[in-house]
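# Report on the structure
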Amino acid sequence: MLTRNFPTGLNQSTLSRNRNHIRLIITGLAVFLFTAGLSAQDRFTAAIRKGITMMDSTASSAANQETANYFERIANAEPGQWLAQYYTGLTLIYVGYDESKDRETRDLIFDKAMEFADKADKLHPQNSDIYALKGYILFMKMAVAPQSRAMTMIPASNTLLEKAIALDPANPRGYLLKGQNLFYTPEAFGGGKEKAAVLLKQAAVIFETQNNNGIEPSWGKRRCQSLLDKIN
Amino acid sequence: MKQLALFITLSCFLLTAQGQINISGTVKTNGRPLPGVNLRLVGTYEGTSSDSTGAFHFISPEPGTFTLVFSITGYKSDSVKIVLDSAALNLSLTMKADMIELNAVTINAGTLETGDNKKGAVLTSLDVATTAGAVADVVAALQTLPGTAQAFGENGLFVRGGTGAETQAYFDGMLVKSAFGSQLPDMAGRSRFSPFLFKGTSFSTGGYSAQYGQALSSALLLETKDLPEKTSDEFSILSVGVSAAHTQRWKKSSLVVGGSYYNLAPLYSVIGQNIDWIRAPEEVQASVQFKQQVSKRGMLKIYSQFNRTRADLRTGFGQSQDPADIVNRNNNYYVNATYKDETSNGWKIQSGLSLYINNETGKVNANQYKLDNDQYQVRLVFSRYLFGRNLIRTGIESSYNKHGEGWNELGRHFNNRMQAGFVETEFYLGSKFVTRVGIRTENNSILSAWNLAPRLSFALKAGIHGQLALAYGSFYQNPDDTYLVQNHDLDYEKASHFIFNYVYQHSGITFRAETYYKRYSSLTKYDFEGYSQNIGVNNFTNLRNTGKGYAKGFDIFFRDRTSIPGAQYWISYSWLDTRRDFRNYPALAVPPFAARHSLNIVYKQYIPWLKTEVGTTYTFSSGRTYYNPHNPVFLGNKTRSFNNLSLNISYLTRVFNEFAVVYASVTNLPGFNNIYGYNYSADGTKMNPILPAANRNIFIGLLVTIGDNTFNH
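For clarity, every value in this text was computed on a predicted model and none was experimentally measured.

### Points about the overall build of chain A
- Summing up its helical and strand segments, chain A has nine helices and zero strands in all.
- Burial analysis of chain A (232 residues in total) assigns 44% to the buried set.

Okay, structure coming up:
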């Protein structure tokens, strides 16, 4: 098609030489566009997968911050990908765990985590894992100042987790997080380890049957086991 | 050769896509390295985090012009434009702490906020409910905060030398004519509203916003909760009565229906009373509360409450030498409906409607008396943020109130219409300085006059966790209804406040010091022999606005929620110097409701293995003045100081597998002999001490919540 625009008066050999070039260019362009087009999704998947590996292997609070920063970079570059927003929210929770930070900062971290969870919710409404994440964040925010927040935020967190379970009863993280809430809520306030154990065992059974190769949320098996170990 | 050029460009592009450019540098704040900063090239996945020395390094696979954003929670995000060619790039970046987000300066002179989520909150609603000695009364709990005085024998919240009537309560922004029931002789009553209705209380000891008027000393802003989480039932059995409530939650709305019956007779038969009760106080209360989430930010709340109280007693009160028999009945209806929403262009609208109807009837010996008080109010407020955190707020109010008094066959009444408007702005100069400028105007038909009240506040950041603030304001209030009904030519009473404070707040520690000067003018005076009591109906002659006075002093507050695990405590101390010439005072005098020194120490401890919270409150108040007809100096005598140590215990448990709290409280545990003052008979020969209704009160109760596993009330 390009040839049509070629100026007249060029001789055949020039034309054929040019044709070769054009073929090369078209091929190059096609390959480039193809790889670019294909790799956009692949690149995203690979990036998330790398992040999940980072998330699973981090232990220090500095490493948690690095992982959250890593996901935040992807989330910013891919504003339409709910998983990027989801993992940023999730890994920010781990950043907020760090009790050496002052309360005000931890509060802001959980607020930021909630912003990412809300973004994910907008992109992918009525998703069990996103509701589970919101419930998780809210419970952690409660834990920053339990004396003043337990009364309102524990029930609000549980409501979100119950919705997560209702949206997908096969999602183990709904049970895990509700169990975790109960585990850390004193018995006298409606929590307790016995009640937690029931839900955690339910989660553990589902975790056993699931394989987790994709980039969709699949975390929680280890956390579930460590909580169960603390109960027994 | 165009195609060749294209080819070369493309090849170069493809080639250089593999080319790598080193970007490195450091991030610092105030010369210190800042770890954990997220550095990212906008539009790409590329970037890194700064390490523990603030250093960073990453490789960009592409050349070109990029924006490098660097951000970390608690600091202002920033960015730089960078051009990436073949050369490596080394950057020195600095970041500033974000005061706006983390420790923004706020208008706080004179304000003590309580609330569950608010920054700067001093007490949470749970704190109010669990403060020993307060017995879940909002006003009693606030009496442990600086700037307040013990109420002793009068209804109301007494702030910085002001009378109880100088503090007004605002229920979701709507003025409540009175938050208290009938005033019984020499006895402070409980406020009418349950602390569990509210998610937050902002208690201002002066210099408050132009949004609120008709209060010379203090504004108590009560903000109701939003939608409850769950459908549940709860009931309580107390040593003084029973209560029950049902909460129904739908998707976007909720309904709470509750009722209670209290009768103090059984308790009084066990606990010795200093009052000669003919019929111990009895109260019936019913309430209905409906809330609807109308739109994303639109919320409709309708609250209605009915109270009926009755009490009969015999007292040595008054001008007669014989004891008087008092009968008191009070019916109160209150409805408050508010709607708030936000328009698409950012205006916040709050509208409200309230109805207050209070009928009090009674007898003093054979004489019948009657007090009727109605108030209807509408309010509309618009507010909007402009350029970031700057705010403009404007509103109008209109209310109608009616007051009637009857004594046997005699009767008198008046009506009043009030129109009010206000406008106020808050603006920030940087993140370290904020100022609030407001003006309020009111017109009352009974006074046939306008008033104009300017309000001004400044706050300045002092260090990362501290701030200094300054406030000034003019405040107007109508003379008491009982004066207005007797004289229609009165004028506004006026107070001016000057406040200076310092607040430090960081990770569970709050320290607050505030000093103030308050000037009263145009207070109502009248002629009356002796010291008037406030039961029934009184006649005053020569009512006039020639009273004046002042109050000055300082308050200190220290609160610690972190040092002791599971515990928190606060200490508040107030020093007050006040004199006023009002009512029938012959000259400036220290009023009986003002104590020079007030001290409160509140300690609460949760003991996990006992599932018990123990709370204790110690209150000290230096002697208060009383009227002695034999002393030529008016109000020249002082009582001894007041001491109280209260204890409460909440044990969390299960009853029939439902969440329950067993609650016990004791006031004045050591049994201090407290005297509130003295009453003299008309001829001055008899002197009776005014004593607390009981030297020691004991209160026990059981609260059960059904259907909600989590701690709610």
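### Some thoughts on the environment of B:Thr541
All names here are of chain B.
- On the secondary structure map, Thr 541 appears in strand E32 (residues 541-560).
- Note on Thr 541: 10 C-beta atoms within 10 Å, which makes it exposed.
- It is 9.5 Å that separates the C-alpha atoms of Thr 541 and Tyr 483, two residues lying 58 residues apart in sequence.
- Contact partners of Thr 541, with chain neighbours within four places excluded, come to Tyr 526 and Asp 527.

### Some thoughts on helix H7 (residues 172-184) of chain A
Residue and element names in this part refer to chain A.
- Taking 1.5 Å per residue, 13 residues should reach 18 Å; H7 reaches 18 Å between its end C-alpha atoms and fits that length.
- Within H7, eleven of the 13 residues are buried, which leaves it mostly tucked inside the rest of the structure.
- Among all positions in H7, only Pro 172, Arg 173, Gly 174, Tyr 175, Leu 176, Leu 177, Lys 178, Gly 179, Gln 180, Asn 181 and Leu 182 are buried.
- The inward-facing, buried residues of H7 abut helix H5 (128-144), helix H6 (146-167), helix H8 (193-209) and helix H9 (221-231).

### Structural notes on the packing of H8(A) against H9(A)
All names here are of chain A.
- Relative orientation of the contacting elements H8 and H9 amounts to 145°, with a least axis distance of 9 Å. As for how H8 packs across H9, the hand of that crossing is left-handed. Side by side, H8 and H9 meet where Lys 193, Ala 196, Ala 197, Leu 200, Ala 203, Ala 204 and Phe 207 of the first sit next to Lys 221, Cys 224, Gln 225, Leu 227, Leu 228 and Ile 231 of the second.
- A per-class count over the contact of H8 with H9 returns ten nonpolar, one polar and two charged.

### Looking at the pairing of strand E40 (residues 677-680) of chain B
Residue and element names in this part refer to chain B.
- Here E40 shows a buried face lined by Gly 677 and Asn 679 and an unburied face lined by Tyr 678 and Tyr 680.
- Two elements, E40 and strand E41 (residues 687-690), share four bridges in a ladder whose sense is antiparallel. Paired with Gly 677 across the bridge in E41 is Ile 690.
- Linking E40 to E41, which pair antiparallel, is a turn of six residues; within it Gly 684 sits at a positive phi near 80°.

### Focus: the nonpolar core
- In this structure, B:Leu142, B:Ala169, B:Tyr170, B:Val176, B:Ala219, B:Leu220 and B:Leu222 are the most contacted members of the largest nonpolar core, which totals 79 residues.
- If you tally residues by element for this core, the top one is helix H4 (residues 138-142) of chain B, at five residues.

### A word on unusual backbone geometry
Residues and elements named next belong to chain B.
- Of note in the backbone geometry, Gln 214 takes a positive phi value of approximately 65° without being a glycine.
- Following the sequence through the fold, Gln 214 ends up in the loop between strand E15 (198-204) and strand E16 (218-224).
- Here Gln 214 falls in the buried class, since 21 other C-beta atoms lie within 10 Å of it.
- The backbone of Arg 583 sits at a positive phi, close to 50°, despite the residue not being glycine.
- Structurally, Arg 583 is set in the loop between strand E33 (567-581) and strand E34 (597-607).
- The exposure class assigned to Arg 583 is partly exposed, which follows from the 18 C-beta atoms found within 10 Å.

### Overview of the pairing of strand E26 (residues 410-429) of chain B
Residue and element names in this part refer to chain B.
- As paired strands, strand E25 (residues 390-407) and E26 are joined by 17 bridges and run antiparallel to one another. Within E26, the position partnered with Ser 399 by the bridge is Met 418.
- Between E26 and strand E27 (residues 433-444), which pair antiparallel and follow one another directly, the connecting turn spans three residues, one of which, Gly 430, has a positive phi of 70°.

### Some remarks on the confidence of the model for chain A
All names here are of chain A.
- Looking at chain A as a whole, the pLDDT averages 85, with 84% of positions reaching at least 70.
- No element of chain A has a lower mean pLDDT than helix H1 (residues 12-57), which averages 71, and none a higher one than helix H3 (residues 82-96), which averages 96.
- Scored below 50 in pLDDT, residues 1-15 makes two contacts in the model with residues more than four places away or belonging to other chains.

### Here we look at the packing of H7(A) against H9(A)
All names here are of chain A.
- Running from N to C, H7 and H9 cross one another at 35°; their axes reach a closest spacing of 11 Å. Handedness of the H7/H9 crossing: left-handed. Residues Leu 176, Gly 179, Gln 180 and Phe 183 of H7 lie in contact with H9, whose contacting residues are Arg 223, Cys 224 and Leu 227.
- Classifying every residue of the contact of H7 with H9 gives four nonpolar, two polar and one charged.

### Description of the sheet that holds strand E4 (residues 47-49) of chain B
Residue and element names in this part refer to chain B.
- Strand order in this open sheet of four strands is E4-E3-E6-E7, and the pairing throughout is antiparallel. At either margin of the open sheet sits one strand with a lone partner, and together these are E4 and strand E7 (78-84). Going from strand to strand, the sheet's axes swing by 15° on average, the running direction of each strand aside.
- As paired elements, strand E3 (residues 38-41) and strand E6 (residues 64-71) share four bridges and run antiparallel to each other. Each bridged residue has a counterpart across the sheet, and for Arg 40 the counterpart in E6 is Val 69.

Parameters and conventions
Residues numbered from 1 in each chain as written. Chains lettered and ligands numbered in written order. Predicted model: local features only at pLDDT ≥ 70, side-chain atom pairs only at ≥ 80, totals over all residues. Helix = DSSP H or I, 4+ residues; strand = E, 2+ residues; numbered from the N terminus. Buried ≥ 20, exposed ≤ 12 C-beta atoms within 10 Å, placed from the backbone. Contact = placed C-beta atoms within 7 Å. Expected span 1.5 Å × (residues − 1). Axes fitted to C-alpha atoms, helices over the stretch in contact; angles between N-to-C directions. Left-handed = near helix turned anticlockwise from the far one by under 90°. Nonpolar A, V, L, I, M, F, W, Y, C, P; charged D, E, K, R; others polar. Pairing = 2+ DSSP bridges. Core = buried A, V, L, I, M, F, W, Y, C linked by C-beta atoms within 7 Å. pLDDT = per-residue confidence, 0-100.

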